[in-house]
Structure formats: structure tokens, C-alpha cells
Amino acid sequence: MNFFNTFRGRLLIVLACLLIATLGVQYFINYQNEERNRRFRERQEQALVAGIALGFNGMQSRDRLSDIVKQENQGFFEERVTSRIRDIIVINDKWQVYDSLNPDYQETEDENGNTVYKNLRDLPDLPPLQDADRLGADRVNFPNAGKPETEADEAEAHAIPIQTNQGRWYVMVLLKTNRAKAAWSAARPLVYTMMIFGVSTMITIFLVWRFTRPIANLSEAAKRIADGDLTVRVPHDRRSDEMGRLASRFNEMTAELEKKSELEAMLQEAEKSAVVGRLGSAIAHEIRNPLNYINLTLDHLRAKFAPEDAAKRRDFEKLTMQLKSEVARINQQITDFLSYSRPPKLNLSPTDVKRVVKDSLRIVEAEAREQNIKINFAENGGAPRVFGDAEYLRSVFNNLFINAVQSMATKGGNLNISIEPLDAYVKVEVADTGTGIPEENLAKIFEPYFSTKETGTGLGLAIVKRVIDEHRGIIGVESKLNEGTTFTVRLPKA
């Protein structure tokens, strides 16, 4: 039974059924055609026998053929049989028409009362004579002997010799025929055969298409995989044959390849991060030591070597503060680099995200007031706790708020923050009315070292994305140039 669940078994069954059905229909059509031809031949033979018998009776009787047909108790000459007879011509030994069903062929009387018979050769439009060669030397006396048959002929002639005491007479029976119908009868089996062949071909094409469709799907999927698309899957329509199993194994193989590719990418990323982290830590240590020395020296200079003159002191203080600011900026860039190169070690616990957001807002409130930026905070439906690390989340919102304020530094605007609970997440939306982000840069803003700022390291949003991913959250961005940018952060509920 397992064989019939296979592709070969099903195809064999279908083709066998198709063959049996085709042969069965062909046999039925041929049988019907043979029966039709047999009945036609029987009726023709009956009509021919009836015509000969009627002509023979006409030779022995003084009654005309047309009168004999009309006599009662003539079952042998019933309408069903004689309706196929077009004419019966009785020919005497002088090749004259002795009697006929056609009144135009019957004898007449001349002015002296003598009987005048029509000659056989004078009869017009006689149909072709069948089997004329069997008549021997008498063949030449029949004007329709050797006459070619055409599709326009509606009758055929049969001549039967009858030996009488007056010599050899002939009875010629003209039988009605329909050559167009006969041609259609001959062509009918071919037409039906072509119809059966056409239907069989269509069914075969459908079955071949259905059975080979999985192969085409596999070929297309293999091509896409060769092009690097490991997400492709082959639909197998829950088939239980070889094609279904092959498609299922192909999908399993593709899934494993995709998983392996993801693991390799993660491994490469981890190796790169580890190398960058180790290198960064060494470089950061070597850079921070002189930076600390510079910072301490600046403090010492400010305390011990400040000029006595008030104007010079102000310039001195300004320059030393600028130097300390630059040192602090370099220190911050080193901190960002180390934060990205080292995997974050989160201390996850139920966290009040509202408090974290408000703590981060304090960093930018003073700068926002100076730049005429209005901060709006909205809480929709309460703010459930999230499962996260407060310190790392604070750095996330610090980056987002600082970027938002910087984007509105030249013209002011609004910074809108909203918190809203969703099904399994808490959504925090940060929207500004700043310069916006060009559409071609939207896909790159979370990549490390990508920045549109002249002094930016390109690590701020990369760190934000990594922290959100480590929290198993989601971050998205929408922006329109010169209209503003909206960052949407979704964090899992505690």
C-alpha cells in the first residue's frame, strides 16, 4: 500500500485510469458506429430485396408497379422498406423500360394506338450503377455503367438479371443514398477519437503540471538560495509522496542553513567586538593616563598661576575651561567606544520607566530653555513597570533627548515625550520638530560609526540599539526632512 502513496504510484494509477477510460470510450464509440452501419446495411439490403421482388412481381403481373405497391397485405413492401427505394425499372430483352415507379419512364401510346416503350439509353440522370463489371457483355447497354460517383449523387443503381421465357430481362433498383451523411458516419469515429485525444492531452498536461510543480518550486528556491536568500521556503501542500518529503527536507535544510548563517554572523560580530574591545581598552588606558595628567595640570595652573590682572585672569580662566571641556569630550568619546565594544552586563529588575525618563530629561532641561525648546510629557493609561536596567535605560533616553535638542538648536521647537502601555510592552515615544533625517540615512542611523555630525563618533544610537536589543525590546524611527523625527521604544512589561 505504501507504493500507492508515492509519486510514481499515483502517476501510474492516474495514467492507467486515463488509458482505461480512453479505450473504453473509444470502444463504445466504435461499437455504436458499427451498430449504426449494420442497421444501415440491413435496411439497404431489405430495400434492395424488396425492389427486386417488386420488379419480379411486375414482370409477372399486368398491374403496374405503382399499383402493386399500393395493394393491401403487402407487408414485404411496407413503407419503412420502400421509402428507401427511389425507383424500380423493369428492363425487357430489347433494353426498353417495360415498367417503372416513375410515371415519366412508363410506356405511352402513339396516334395509331400502338404501345411505345422508352429506351433505357434515353433515361436521363440515372445514378451510378454498382458492380457493373459483373454484368458481363450486357454492361455496355447500361448508360450509367462506369459513371463516376460524386458527393452530389443522392441514389445508387443495382441491376439484377432475370431469365424469362422471352429472354434475359433486368430489374434495376434505384436506392436513395445520402453521401454527406455517409461521409459524416465514416468521419465520426475520427472526430470522436480526436476529441478523446484532446481531452486526454489536457488531462495529461494538467497532471504533469501538478506533479512537476514541486520540482519547479524546488528549482526556483535553489536559485534564490544560490543568490543568498536563505529565507525562502518551498510550499509542499501537505503532500505525503516523495515530492512532499523532498520539499519538507529541503525546507529543513534551508532553515538549518539560515540558522547556521545567523550563528556565523553572530560569531563574527562577537569576535570583532572582542578584538575591538581588547584593543579599545588598551588604547583607552594609554589615552586616559595623559588626559588625566592634562586635567590635573590645568587645575594646578588655574590654582597657582592665574594672572593678577582681572582681564587676563578672565581670558586665562576661559582658555583653561575650554581645554578642560575638550578633555572631557575626548573622555566621553572613549567611554562611548568602550560601552559599544563591551557587551552590556544588565541588572534586570522591575523598573519605573517614568522615573527613568524624567531623570534623563533633567540633563537637557537647561539647554532646552536656552534654545527656546518646549518639553511636553504625556502619560496615556498609566506607566507599568518594565523589566530592565535603570542605568542603561537612562543612557538610552539621554542619547535620544540630547539628539532631539541638538536637532532643534537653531530654531527651537517642541520635544514631545509620551508613555503608553501596550499588550506586552510599554511604549515610550520621543518626538521632536527638528531638522529631521534624510530618507537615505534612516536605514543607517543605528549602524556603528555612522554620523552626520562633524564631531560625532556615530556610536550613540548604535549603543541605544544594542541596549534595547539586550532588553528584548524594539526601537523604531520615523522622520521627515525639516519636519522632525520620532523614535519609538517598546520595552517588555515587568
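For the structure itself, look to the data block above.
Residues numbered from 1 in each chain as written. Predicted model: local features only at pLDDT ≥ 70, side-chain atom pairs only at ≥ 80, totals over all residues. Heavy atoms only, no water.

Turning our eyes to something else, we now look at the pattern of salt bridges. One pass over the structure, following the stated rule, counts 19 salt bridges. Among the salt bridges present, the one from Arg139 reaches Asp133, with a minimum N-O distance of 3.1 Å. Given the relative accessible area of 28%, Arg139 is considered partly exposed. In this structure, Lys354 engages Glu379 in a salt bridge whose closest nitrogen and oxygen atoms are separated by 2.8 Å. Of this pair, Lys354 sits in helix H7 (residues 353-370) while Glu379 sits in strand E8 (residues 373-379); the two residues are 25 residues apart in sequence, bridging distant segments of the chain. Bridged by salt links that share partners, the residues Glu35, Arg38, Arg39 and Glu42 form one connected network. (Salt bridge = Lys/Arg side-chain N within 4 Å of Asp/Glu carboxyl O. Buried < 20%, exposed > 50% of the residue type's maximum accessible area, 1.4 Å probe, protein only. Helix = DSSP H or I, 4+ residues; strand = E, 2+ residues; numbered from the N terminus.)

Moving on to the sheet that holds strand E2 (residues 97-100). If you walk across this open sheet you meet the 4 strands as E2-E1-E6-E5, and the pairing is antiparallel. Strands at the two margins of the open sheet, each flanked by one partner only, are E2 and strand E5 (155-164). On average, each strand axis in the sheet is tilted by 20 degrees relative to the strand beside it, whichever way the strands run. Bridge count for strand E1 (residues 85-91) against strand E6 (residues 167-176) is 6 bridges, and the pairing is antiparallel. Residue Val90 lies in a different strand from E6, and its bridge partner there is Val171. (Pairing = 2+ DSSP bridges. Axes fitted to C-alpha atoms, helices over the stretch in contact; angles between N-to-C directions.)

An ideal rise of 1.5 Å per residue puts 26 Å on 18 residues; H7 measures up with 27 Å between its terminal C-alpha atoms. At Val364, H7 shows its maximal bend, which comes to roughly 45 degrees. Its side-chain oxygen at 3.1 Å from the backbone nitrogen of Lys354, Asp352 defines the N-terminal cap of H7. Phi for Asn372, located one or two positions after H7, is positive at around 60 degrees. (Expected span 1.5 Å × (residues − 1). Bend = angle between axes of the 7 residues up to and from the residue. Polar contact = N/O pair within 3.5 Å; in protein donor to acceptor, adjacent residues only side chain to side chain.)

Okay, the packing of H7 against helix H8 (residues 390-407) next. Where H7 meets H8, the axes come as close as 9 Å, and the angle between the chain directions of the two elements is 40 degrees. H7 and H8 meet at a crossing whose hand is right-handed. Of H8, the residues touching H7 (which contributes Val353, Val356, Val357, Asp359, Ser360, Leu361, Ile363, Val364 and Glu367) are Ala390, Leu393, Arg394, Phe397, Asn398, Phe401, Ile402 and Val405. Residue composition of the contact of H7 with H8, grouped by class: 12 nonpolar, 2 polar and 3 charged. (Left-handed = near helix turned anticlockwise from the far one by under 90°. Contact = heavy atoms within 4.5 Å. Nonpolar A, V, L, I, M, F, W, Y, C, P; charged D, E, K, R; others polar.)

The next point concerns the sheet that holds strand E13 (residues 484-492). Overall, mixed pairing links the 5 strands, which are arranged E8-E10-E11-E13-E12 in an open sheet. At either margin of the open sheet sits one strand with a lone partner, and together these are E8 and strand E12 (474-480). Taking the axes of each pair of neighbouring strands and ignoring which way they run, one obtains an average angle of 10 degrees across the sheet. As paired elements, strand E10 (residues 413-421) and strand E11 (residues 425-432) share 7 bridges and run antiparallel to each other.

Moving on: the nonpolar core. Core analysis: the biggest nonpolar cluster contains 35 residues, and Val353, Val357, Phe397, Leu400, Phe401, Leu415 and Val428 have the highest contact counts within it. Residue contributions to this core peak at 7 residues, all from H8. Setting aside residues no more than four positions away along its own chain, Phe397 makes contact with Val353, Val356, Val357, Ser360 and Val428. Judged by nonpolar contacts, the second largest core, of 17 residues, contains Ile89, Leu120, Ala132 and Ala145. (Core = buried A, V, L, I, M, F, W, Y, C linked by side-chain atoms within 4.5 Å.)

Turning our attention to helix H9 (residues 460-470). Here H9 lies mainly inside the structure; 8 of its 11 residues are buried. Considered for burial, the residues of H9 that qualify are Gly460, Leu461, Ala462, Ile463, Val464, Arg466, Val467 and Ile468. Following H9 by one or two positions, Arg472 adopts a phi angle in the positive range, close to 60 degrees.

A few words now on unusual backbone geometry. Phi is positive for Asn372, which is not a glycine, with a value near 60 degrees. The residue Asn372 is located in the loop between H7 and E8 in this model.

Now for the packing of aromatic side chains. Per the counting criterion, the structure on display carries 8 aromatic pairs. Judged by centre distance (5.5 Å) and plane angle (25 degrees), the ring pair of Trp95 and Tyr170 falls under stacked. A residue pair is termed long-range when its members are at least 10 positions apart, and Trp95 in the loop between E1 and E2 and Tyr170 in strand E6 qualify at 75 residues. Considering the side-chain rings of Phe446 and Phe487, the 6.4 Å spacing of their centres and the 80 degrees angle between planes classify their relative orientation as edge-to-face. Of this pair, Phe446 sits in the loop between E11 and H9 while Phe487 is found in strand E13, placing the two residues 41 residues apart along the sequence. This pair shows no difference in class: Phe446 is buried, exactly as Phe487 is. One aromatic cluster is present, built from ring pairs that chain together Trp95, Phe142 and Tyr170. Positioned above the aromatic ring of Phe377, the side-chain terminus of Lys358 is 5.1 Å from the ring centre. (Phe/Tyr/Trp six-rings, centres within 6.5 Å; stacked < 30°, edge-to-face > 60°. Lys NZ or Arg CZ within 6 Å of the ring centre and 35° of its normal.)

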